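What follows is each chain in one-letter form.
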Amino acid sequence: MKSMDKPTLQNARNKLKEVWGYPAFRSGQEEVISSVLEGNETLVLFPTGGGKSLCYQVPSLLFEGMTLVISPLVALMQDQVDQLKKLGVRATFINSTLPGYETEQRMVNARNGMYRLLYVAPERLATDLWKHQLPQLNISLVAVDEAHCISEWGHSFRPSYRTIREELSDLDDSTRWIALTATATPEVKEDILKNLQFDNPTVVAGGFGRDNLKWWVNETPQKQVMLMNAVKKASLKGSGIVYCSTRRDCEHWAGRLRGAGINSEAYHAGLENKKRERIQTDWIEGDTEVVVSTNAFGMGIDIKDIQVAYHHAPSGLLPDYVQEVGRLARDPGLNGFA
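Heads up: these notes are all about the structure in this document. Treat the numbers as computed from the prediction; the structure is a model and nothing was measured. Counting of residues starts from 1 at the beginning of each chain's written sequence and follows it residue by residue. Confidence filtering applies because this is a predicted model: local features only for residues at pLDDT of at least 70, side-chain atom pairs given and counted only at 80 or more, and all residues used for totals across whole chains, interfaces and linings. The side-chain numbers reported here are obtained from all heavy atoms of the structure, hydrogens and water having been left aside.

## Topic: the sheet that holds strand S5 (residues 139–144)
Strand pairing is defined by DSSP finding a minimum of two bridges between the two strands. Helix numbers and strand numbers start at the N terminus; a helix is a DSSP run of H or I with at least 4 residues, a strand a run of E with at least 2. Taken together, the 7 strands give an open sheet; going across it, the order is S3-S4-S2-S5-S6-S1-S7, and neighbouring strands pair in parallel fashion. What marks the edges here is a single partner per strand, and that holds for strand S3 (91–94) and strand S7 (202–205). On average, each strand axis in the sheet is tilted by 20 degrees relative to the strand beside it, whichever way the strands run. Strand direction decides the pairing type here: strand S2 (residues 66–70) and strand S4 (residues 117–120), joined by 4 bridges, are parallel. In the sheet register, Leu68 faces S4, and the bridge partner there is Leu118. Here the axes come from fitting lines to C-alpha atoms, over the contacting stretch only for helices, and the angles between their N-to-C directions go from 0 to 180 degrees.

## Quick word on the packing of aromatic side chains
Between 30 and 60 degrees the pair is tilted, below 30 it is stacked and above 60 it is edge-to-face, where a pair is any two Phe, Tyr or Trp rings, Trp via its six-membered ring, whose centres lie within 6.5 Å. Going through the model one piece at a time under the given rule, you end up with 0 aromatic pairs. If you follow Arg106 out to its NZ or CZ, it ends over the ring of Phe93, 5.0 Å from the centre. The criterion for a charge sitting over a ring is simple: Lys NZ or Arg CZ within 6 Å of the ring centre, and within 35 degrees of the ring normal. Lying over the aromatic face of Trp177, Arg165 brings its terminal NZ or CZ to 4.1 Å of the ring centre.

## Description of helix H2 (residues 29–37)
Only protein chains enter the calculation, and the probe is 1.4 Å; a residue is then buried if its accessible area is under 20% of its type maximum, exposed if over 50%, and partly exposed in between. Among the residues making up H2, those that are buried are Gln29, Val32, Ile33, Ser35, Val36 and Leu37. Should any heavy atoms of two residues lie within 4.5 Å, those residues are counted as being in contact. On its buried face, H2 is in contact with helix H1 (9–20), strand S1 (42–45), helix H3 (54–60), S5, strand S6 (176–181) and S7. At the exit of H2 stands Gly39, carrying a positive phi of roughly 90 degrees.

## A look at the nonpolar core
Core analysis: the largest hydrophobic core is formed by 34 residues, its most contacted members being Trp20, Val32, Tyr56, Val58, Leu117, Tyr119 and Ile178. Of all elements in the fold, only H1, H2, H3, helix H4 (74–86), S3, S4, S5 and S6 reach the threshold of two or more residues within this core. With near-sequence residues (within four places) excluded, Trp20 lies in contact with Lys15, Leu54, Gln57, Val58, Leu61, Leu84 and Leu87. Judged by nonpolar contacts, the second largest core, of 32 residues, contains Ile94, Ile139, Trp177 and Ile192. Only buried residues count toward a nonpolar core, which is a set of Ala, Val, Leu, Ile, Met, Phe, Trp, Tyr and Cys residues joined through side-chain atoms within 4.5 Å.

## Digging into the environment of Val292
In this structure, Val292 sits in strand S11 (residues 290–293). Each C-alpha atom, one on Val292 and one on Ala266, is 4.8 Å from the other, the two residues being 26 residues apart in sequence. Excluding anything up to four places from it in sequence, Val292 contacts Val242, Cys244, Asp249, Cys250, Trp253, Ala254, Leu257, Ser264, Glu265, Ala266 and Tyr267.

## Some words on the packing of H4 against helix H11 (residues 273–284)
Where H4 contacts H11, the two axes come as close as 11 Å, and the packing angle between them is 45 degrees. One finds that H4 runs oblique with respect to H11. In this structure, H4 meets H11 at a crossing whose hand is right-handed. Across the interface between the two elements, Val74, Ala75, Gln78 and Asp79 from H4 touch Glu277, Gln280, Thr281 and Ile284 from H11. A class-by-class count of the residues in the contact of H4 with H11 yields 3 nonpolar, 3 polar and 2 charged. In these notes the angle categories are as follows: under 35 degrees is roughly parallel, over 145 is roughly antiparallel, 65 to 115 is roughly perpendicular, and the rest is oblique. Working rule for handedness: look at the near helix, and if it is turned counterclockwise from the far one by less than a right angle, call the crossing left-handed; if clockwise, right-handed. As a working rule, the residues Ala, Val, Leu, Ile, Met, Phe, Trp, Tyr, Cys and Pro are called nonpolar, Asp, Glu, Lys and Arg charged, and the rest polar, with Gly in that last group.

## Thoughts on unusual backbone geometry
Notably, Glu146 is not glycine yet its phi reads approximately 50 degrees, a positive angle. Tracing the backbone shows Glu146 in the loop between S5 and helix H7 (164–167). Backbone geometry at Gln197 places phi at a positive 60 degrees, although glycine is not the residue there. Residue position: Gln197 is located in the loop between helix H8 (186–195) and S7. Using a relative accessible area of 47% as the deciding quantity, one classes Gln197 as partly exposed.

## Observations concerning the packing of H1 against H2
Between H1 and H2, the shortest axis-to-axis distance is 10 Å and the interhelical angle comes to 125 degrees. Classified by the angle between their axes, H1 and H2 sit oblique to one another. For the pair H1 and H2, the sense of crossing is right-handed. Between H1, through Leu9, Ala12 and Arg13, and H2, the contact on the second element is made entirely by Glu30, Ile33, Ser34 and Leu37. Across the contact of H1 with H2, the residue classes tally to 4 nonpolar, 1 polar and 2 charged.

## Focus: the pattern of salt bridges
Should a side-chain nitrogen of Lys or Arg be within 4 Å of a carboxyl oxygen of Asp or Glu, the pair is scored as a salt bridge. Tallied over the entire structure, the rule returns 9 salt bridges. With its nearest N and O atoms 3.7 Å apart, the salt bridge here joins Glu38 to Lys6. Here Lys6 lies in the segment before H1 and Glu38 lies in the loop between H2 and S1, a separation of 32 residues in the sequence. A salt bridge links Glu123 to Arg158; the nearest nitrogen and oxygen atoms lie 3.0 Å apart. One end of the pair, Glu123, is in the loop between S4 and helix H6 (128–133); the other, Arg158, is in the loop between S5 and H7, with 35 residues separating them in the sequence. Accessibility expressed as a relative area gives 37% for Glu123, which makes it partly exposed. Through salt bridges with shared partners, one network takes in Glu265, Arg278 and Asp282.

Honestly, that's just the spatial picture; any functional story needs more than this.
As structure tokens, then:
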């Protein structure tokens, strides 16, 4: 067994207060963590901003081994690792932004037990280096974040997500498994459970309503004028996101906003990794007021004061829209406007 003397829910409550400073878990989190501590395969369906990450981060500090987190985006890994390091939690990521020597060093560190959490993209599991090192890693918990990426019915399908269980088939039977997502239709939910081979799982679903979000739709022949005026007003109140469907539109609107005196940047897959990281950092620190982006930006990033999101064009699917607007007002004390 890869755990200490049977960690308890009270141990988890104590760790939550000690490390994160929270007096109690949110609704549903205790049920999830209790399931993980009992060794049950667990599927978590919580809304964006509902506290999914704590469901594996807290248990990771109660087990003797390391928690392996499968994550789809470089930005998401970087943000979560940065947040954990600020709390004094030993965590790191391995992804395509690292040079080869740094990847190898982090793998050696992981093998030597230097991390409590290791974040990797699913594609990493198929590399020769990973396969060579896997038998030497003491993995007590596997957390599959953004698990909707598993499903061909999902809005962010990643084929490599479907081979996670196969690539990790050599893990000890005592290794615990948890999968988490904010946007699982019934078809996606069943696909996740089947693909991860969860035989008798605990499924914990939270309500997807967000009382502190307000919604509006404007139909107007002057779409560009209205969008510009709305973003100008909103930029005075807090950070914001404008979602566009193409890279070209992102660049166009970021330029127009800068021309109107709003500190704005375009963010999309056509930019170099270093530039995307710099844009994200500037936005998180408040140096950039508005990011004009495709829907990859902001996924899972724990920024509590995002107050406004605009859609220049409709999202491709309803789950996309739920993910995008769910990035608003992650602090329940704030209001968000979508």
